[in-house]
Amino acid sequence: MPTQQYWKEFINEYPKYKEKSYTAWQFGADPDELAELVISGKKTLTCSSLKEYELENESLPKAGELSIVLGADDTPKCIIECTKMYTIVFKDAGEEIAYKEGEGDRSLSYWRQAHLDFFGWLYPEMGLEFNEDEKIVVEEFKRIYV
């Protein structure tokens with residue numbers, strides 16, 4: 001189903017969001033698996049690179065903003081609402097972030113390794129080198145529509 005049609009179905013069911021705008025995007029590492037974690041309620045947070053936002057001149061997420069989460073084939077999977085956004089230094093991420101991100105066994109050690117692998121791939125793509133003093137964007141959200 002095309003994204004605009006999905007959005008129309010959503011606002012028909014939830015007209016209070018009619019005046020809102022939305023963005024549509026995929027999670028970086030494994031779009032389908034991560035979208036399923038959001039749908040199941042395990043994933044309520046995502047982390048990304050502050051440098052990527054800066055290089056793409058993209059504004060940071062804000063509480064109240066809506067996003068359509070897309071699968072690998074750009075099919076809409078669900079809609080989320082940002083509830084909180086903040087930045088931290090990568091090495092300062094704790095157990096709560098790892099748990100809310102919902103991936104693997106939800107432990108900090110799993111989270112750290114998965115993100116070291118991801119940022120280790122992403123940063124060279126941007127012509128940069130990742131280190132644990134880099135700032136990351138932490139976005140907490142709630143799933144509001146499937």
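What you see is a predicted model; the values in this text were computed from it and never measured.

Participant: Can you walk me through the packing of aromatic side chains in this structure?
Facilitator: For any pair of aromatic rings, the description consists of the separation of the ring centres together with the inter-plane angle of the planes. The full count for this structure, using the stated rule, is 16 aromatic pairs. Arranged with centres 5.7 Å apart and planes meeting at 40°, the rings of Phe118 and Trp121 form a pair that is tilted. Of the two residues, Phe118 and Trp121 are both situated in helix H5 (residues 108-125); the distance of three residues between them amounts to about one turn of the helix. What makes Phe118 partly exposed here is its relative accessible area of 21%. Their ring planes at 25° and their centres at 5.0 Å tell us that Phe119 and Phe130 sit as a pair that is stacked. With Phe119 in helix H5 and Phe130 in the loop between H5 and strand E5 (135-145), this pair connects stretches of sequence that are 11 residues apart. Put simply, the rings of Tyr6, Trp7, Phe10, Tyr14, Tyr17, Tyr22 and Tyr145 pair up and form one aromatic cluster. Taking the ring centre of Tyr99 as reference, the NZ or CZ of Arg106 above it sits at 3.8 Å.

Reading the values: rules and limits
Residues numbered from 1 in each chain as written. Predicted model: local features only at pLDDT ≥ 70, side-chain atom pairs only at ≥ 80, totals over all residues. Heavy atoms only, no water. Phe/Tyr/Trp six-rings, centres within 6.5 Å; stacked < 30°, edge-to-face > 60°. Helix = DSSP H or I, 4+ residues; strand = E, 2+ residues; numbered from the N terminus. Buried < 20%, exposed > 50% of the residue type's maximum accessible area, 1.4 Å probe, protein only. Lys NZ or Arg CZ within 6 Å of the ring centre and 35° of its normal.

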